[in-house]
Amino acid sequence: MAGHVAVVGATGAVGQEFLRVLEQRNFPFEKITFMASARSAGKPITFKGKTHTVVELKEDSFKGVDIALFSAGGSTSKQFAPAAAAAGCVVVDNSSAFRMDPGVPLVVPEVNPEDIKQHKGIIANPNCSTIIMNVPVWPLHKVNPIKRIVVSTYQAVSGAGAWGLWELEEQIKAYVAGQPIVKNKFPHPIVNNLFCHNSKVAENGYNEEENKMVFETRKIFHAPTLLVTATCVRVPVPRAHSESINITFSKPITEQEVREILAGAPGVKIVDDRERNHFPMPLESSNQDDVLVGRIRQDISQPDGCGIEMFVSGDQLRKGAALNAVQIAELL
Ligand code: A2P
């Protein structure tokens, strides 16, 4: 029993998913508090059939709170998570604020649950695209160590926050009505379009999302020299990220072996029907716990048999964020 649980950022896209996941998994607690900014203080939130009132997040909000699930952006986490940890609360933080801090465990429960034990009050929840890639790739890596991963993403707008979904919907309405497409927060129109992930492009030419996939995967896998390169793209899909993943293993591996390993892997569901051209799709991975994996095939450009191609789709608000964090809280 967790005692007192707080959801920080409860009014946001991930915050709302936290509510659904906590309810569906019947997460045990005695008391629950929903926090957001002053803008939302006083708003009602219905959870497990009861109406709660959102309270404003403040530095002294965590007295008596045992576990806080944070998803209110990096600057909010930087400001409030240390105060929460100092008050004796364990923070599971969905932002990137502490992920690469060597003193903070970065955890995907299907991959490195034992790292949780090292926490000093804060546990980081990885980036959504990283989690969705790591869940199916880790069981393969355990059997046949991976030398290199080349990943390309097709990322849903709700990964940017609740506003991303709103922006797509507004632009679809404008397009259908023949009105001009107004962009608001995304740097380009997202309807009828796709573009480089809307995070900052770093000095190495990779955007922040791509760098997260590289460096977070190395930390989670405890594989500091693992070769990973990523291209992250935002697409006009409401929910669930998809990824094309090309893997080079250290020894030859067949697609049949990959299928057998993934068939028994936690958090993975194989959707790979060549006859019907039915493979992982965001419409089918939305609101699902499992990462869908398909298009499993030998990489014909690697005659030594060490290359595998696959295509995955996973709900980035759920396994990519809220579910992963709640699984961490369950382990706690
Ligand atoms: P609010 O709704 O009051 O702005 P999303 O990722 O969907 O944009 O949601 C972000 C979440 O983080 C929202 O719940 C938002 O609350 C919350 N949030 C943003 N900034 C702060 C802040 N400074 N203090 C507390 N909560 C914040």
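Quantities reported herein were computed from a predicted structural model and do not represent experimental measurements.

> In this structure, what is going on with the site of the ligand? I would like to understand it.
Surveying the vicinity of the ligand reveals 15 residues, the closest of which are T11, A13, S37, R39 and S40. A distance of 3.1 Å is found between an oxygen atom of the ligand and a backbone nitrogen or oxygen belonging to G9. Interatomic distance of 2.5 Å between a side-chain N/O atom of S37 and an oxygen atom of the ligand. Contact with the protein chains removes 72% of the 580 Å² of surface that the ligand exposes when unbound. Partitioning the shell around the ligand into residue classes produces six nonpolar, eight polar and one charged.

> Help me understand helix 2 (residues 74–86) in this model?
In an α-helix there are 3.6 residues to a turn, and that puts residues three or four apart on one side. Look at helix 2: 18 Å from first C-alpha to last across 13 residues, which is about the 18 Å you get at 1.5 Å a residue. Taken as a whole, helix 2 carries its principal kink of about 35° at F80; the proline P82 stands between one and four residues after it. Of the positions making up helix 2, those classed as buried are T76, S77, F80, A81 and A84. Looking at the packing, one finds that the buried side of helix 2 touches strand 6 (67–70), strand 7 (90–93) and strand 8 (122–124). A positive phi of about 95° marks G88, the residue just after helix 2.

> Even after reading the chapter, I still don't get the pattern of salt bridges, so can you show me in this structure?
Pairs may arise between side chains of opposite charge once their charged atoms sit close together. Across all of its chains, the model carries 13 salt bridges by this definition. A salt bridge links R259 to D272; the nearest nitrogen and oxygen atoms lie 2.9 Å apart. Remark: D272 occurs in the loop between strand 14 (268–270) and helix 7 (282–285) and R259 occurs in helix 6 (residues 255–263); sequence separation between them is 13 residues. Across the pair, exposure class does not vary: R259 and D272 are buried alike.

> Please explain the packing of aromatic side chains as it appears in this structure.
Think of a pair of aromatic rings as described by two things: how far the centres are apart, and how the planes are tilted against each other in angle. Counting across every chain of the model gives seven aromatic pairs. Here F34 and F47 contribute two aromatic rings whose centre-to-centre distance is 5.6 Å and whose plane-to-plane angle is 70°, an arrangement assigned as edge-to-face. Note that F34 is positioned in strand 2 (residues 31–36) and F47 in strand 3 (residues 44–47), a separation of 13 residues in sequence. Since its relative accessible area comes to 1%, F34 is described here as buried. Cluster of aromatic residues (ring-pair linked, three or more members): F29, F34 and F47. Note that R295 overlies the ring of F279, its terminal NZ or CZ placed 5.1 Å from the centroid.

> Would you explain the pairing of strand 16 (residues 307–314) in this entry?
Among the eight residues of strand 16, seven are classified as buried, and the element is accordingly described as predominantly covered. Note that strand 13 (residues 241–249) and strand 16 share eight bridges and pair antiparallel. Among the inter-strand pairings, I245 is bridged to a residue of strand 16, identified as M310.

> Can you walk me through the pairing of strand 4 (residues 50–53) in this structure?
One face of the sheet, then the other: side chains in a regular strand alternate in exactly this way. Alignment of strand 3 against strand 4, held across four bridges, turns out to be antiparallel. Looking at strand 4, one finds that P44 is bridged to T53. Linking strand 3 back to strand 4 in an antiparallel pair, the connection comprises two residues, with K48 at a positive phi of about 50°.

Reading guide: rules and limits
Residues numbered from 1 in each chain as written. Predicted model: local features only at pLDDT ≥ 70, side-chain atom pairs only at ≥ 80, totals over all residues. Heavy atoms only, no water. Near = heavy atom within 4 Å. Polar contact = N/O pair within 3.5 Å; in protein donor to acceptor, adjacent residues only side chain to side chain. Areas by Shrake-Rupley, 256 points an atom, 1.4 Å probe, with all protein chains shown as cover. Nonpolar A, V, L, I, M, F, W, Y, C, P; charged D, E, K, R; others polar. Helix = DSSP H or I, 4+ residues; strand = E, 2+ residues; numbered from the N terminus. Expected span 1.5 Å × (residues − 1). Bend = angle between axes of the 7 residues up to and from the residue. Buried < 20%, exposed > 50% of the residue type's maximum accessible area, 1.4 Å probe, protein only. Contact = heavy atoms within 4.5 Å. Salt bridge = Lys/Arg side-chain N within 4 Å of Asp/Glu carboxyl O. Phe/Tyr/Trp six-rings, centres within 6.5 Å; stacked < 30°, edge-to-face > 60°. Lys NZ or Arg CZ within 6 Å of the ring centre and 35° of its normal. Pairing = 2+ DSSP bridges.

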